[in-house]
Amino acid sequence: MTDAKFREEICRFGRSLFERGLTPGSSGNISLRLDDGGWLVTPTNASLGFLDPARIARLDAKGKLVSGDPPTKEIPLHTALYETRAGARAIVHLHSTHAVAITMLPEIDPKAVLPPMTPYYLMRAGQTALVPYFRPGDPAVADAIKGLAGRYSSVLLANHGPVVAGETLEAAVFATEELEETAKLYLLLRGLNPRYLSPEQVSDLVRVFGLTLPKHDEHGH
């Protein structure tokens, strides 16, 4: 895919996410890693619903701005995920309502934020870690992400929102959407003693679809 096509793809997915209310105002950002090690990144203070392909930031492999507008201040976040997730080619960070909401609940397990509620949550997002609160753009968030050692493709930032890596931008977007819908299900069913997938059902998904889930053997997630 050409540079121009990648830019168009970022704008198309960004507009779709914005128009469906998955990240309001100028929140959220998207990055896409290129074959030369450089990136395309959405600009700072830009709405994902109104991106201009020509103004998307182009960074070199060292993170230096080559062209376009100044990039999102969340660069440390993206860098840390790319460094620890070798297969990641795209990252989506949103402020989606339900995913943010569950980060504030007292019972959440930082190593498995959501239980195995649906097969597609496990197939798309895998399992989700919770990272403690850092102010937006704080370089310290990179150390927290690196501390996860690349075990998770989907991460929730406390009181902030999801960050999801994928092998393609489409995969990252779909996983982010699945995470948001699963968070919504969790909130709808909270306190109602719902029936989650059993360890046997999770094991079947792992076997059939070749999933890699942190702590799978220990907790059945």
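Quick notes on the rules
Each chain carries its own residue numbering, running from 1 in the direction its sequence is written. Whole-chain, interface and lining totals are the exception, using all residues; otherwise, since this is a predicted model, local features are given only for residues with pLDDT of at least 70 and side-chain atom pairs are given and counted only at 80 or more. In computing side-chain properties, one takes all heavy atoms of the structure into account and sets aside hydrogens as well as water. Put simply, DSSP H or I for four residues or longer makes a helix, DSSP E for two residues or longer makes a strand, and each gets a number counted from the N terminus. Here's how the labels work: a residue is buried when its accessible area is under 20% of the maximum for its type, exposed when over 50%, partly exposed in between, all with a 1.4 Å probe on protein chains only. Two residues form a contact once any of their heavy atoms are found within 4.5 Å. For the area figures, the Shrake-Rupley method with a 1.4 Å probe applies, and any residue is considered shielded solely by the protein chains shown. Polar contact is defined as a pair of N or O atoms within 3.5 Å, subject to the rule that within protein one atom must be able to donate a hydrogen and the other to accept it, and that residues adjacent in sequence are counted only when both atoms are side-chain atoms. Here, a strand pair is defined by DSSP locating no fewer than two bridges between the strands. Only the stretch in contact is used when a helix axis is fitted, and all axes are lines through C-alpha atoms; the angle between N-to-C directions ranges over 0 to 180 degrees. An angle below 35 degrees is treated as roughly parallel, one above 145 as roughly antiparallel, one from 65 to 115 as roughly perpendicular, and anything else as oblique. Only Asp, Glu, Lys and Arg are considered charged in this grouping, and only Ala, Val, Leu, Ile, Met, Phe, Trp, Tyr, Cys and Pro are considered nonpolar; every other residue, Gly among them, is considered polar. Aromatic rings from Phe, Tyr and Trp, taking only the six-membered ring of Trp, are treated as a pair when their centres fall within 6.5 Å; an angle between ring planes under 30 degrees marks them as stacked, one over 60 as edge-to-face, and anything in between as tilted. In our convention, an over-ring charge means Lys NZ or Arg CZ found within 6 Å of a ring centre and within 35 degrees of that ring's normal.

Chemist: With reference to specific residues and values, describe the overall build of the chain.
Modeler: For the chain, the count of helices and strands is 8 helices and 8 strands. Counting only C-alpha atoms and orienting by the principal axes, one finds that the chain spans roughly 50 × 30 × 30 Å. Per-residue burial over the chain gives 51% buried out of 221 residues. Of the contacts made within the chain by residues no fewer than 6 positions apart, 65% connect residues no fewer than 24 positions apart. Of the roughly 10,500 Å² that the chain leaves accessible, carbon and sulfur atoms contribute 53%.

Chemist: Describe unusual backbone geometry, and please don't skip the residues or the numbers.
Modeler: Backbone geometry places Ala149, a non-glycine residue, at a positive phi of 55°. With respect to the helices, strands and loops of the structure, Ala149 is situated in the loop between helix 5 (140-146) and strand 7 (154-157).

Chemist: So, the side chain of Thr128: which residues are in play, and what are the values?
Modeler: With respect to the secondary-structure elements, Thr128 resides in strand 6 (residues 128-131). On the basis of relative accessible area, Thr128 is assigned to the buried category, the value being 0%. Within the local environment of Thr128, its side chain forms a polar contact with the side chain of Tyr121, the two groups lying 2.7 Å apart.

Chemist: Lay out the sheet that holds strand 7 with the relevant residues and their values.
Modeler: Paired through backbone hydrogen bonds, the strands of a sheet run either parallel or antiparallel to each other. Taken together, 8 strands build an open sheet; the order of strands is 4-3-2-1-5-8-7-6 and the sheet is mixed. This sheet does not close on itself; its edge strands, each paired only once, are strand 4 (65-67) and strand 6. Going across the sheet, the axis of each strand differs from the next one's by a mean of 25°, ignoring polarity. Where strand 2 (residues 39-41) and strand 3 (residues 57-59) come together, 3 bridges link them in antiparallel fashion. Among the inter-strand pairings, Leu40 is bridged to a residue of strand 3, identified as Arg58. Relative to the sheet, helix 1 (residues 3-19) contacts strand 1 (29-33), strand 2, strand 3, strand 4 and strand 5 (90-93), its axis offset from that of strand 1 by approximately 155°.

Chemist: Could you give an account of the packing of helix 1 against helix 6 (residues 169-189), with specific residues and numbers?
Modeler: Relative orientation of the contacting elements helix 1 and helix 6 amounts to 10°, with a least axis distance of 11 Å. One way to sum up the angle between helix 1 and helix 6 is to call them roughly parallel. The segment helix 1 lies against helix 6, with Glu9, Ile10, Phe13 and Leu17 engaging Leu169, Glu170, Val173 and Glu177. Of the residues belonging to the contact of helix 1 with helix 6, the class tally is 5 nonpolar, no polar and 3 charged.

Chemist: I'd love a proper account of the side chain of Thr118, names of residues and values included.
Modeler: Structurally, Thr118 is set in the loop between helix 3 (97-102) and helix 4 (119-124). Among the residues examined, Thr118 registers a relative accessible area of 18% and is labelled buried. A distance of 3.1 Å separates a polar side-chain atom of Thr118 from the backbone nitrogen of Tyr121. Those residues within four positions of Thr118 in sequence are excluded, and the remaining contacts are Glu178, Thr182, Leu185 and Leu197.

Chemist: Tell me about the packing of aromatic side chains, and please be specific about residues and values.
Modeler: The final tally for this structure, using the stated rule, is 2 aromatic pairs. Judged by centre distance (5.5 Å) and plane angle (65°), the rings of Phe18 and Phe50 are edge-to-face. In this pair, Phe18 sits in helix 1 while Phe50 sits in the loop between strand 2 and strand 3, placing the two residues 32 residues apart along the sequence. Judged by its relative accessible area of 65%, Phe50 is exposed. Across from the ring centre of Phe13, 4.9 Å away, lies the NZ or CZ of Arg12, which sits over that ring.

Note that all results are geometric; they support no functional claim without further evidence.
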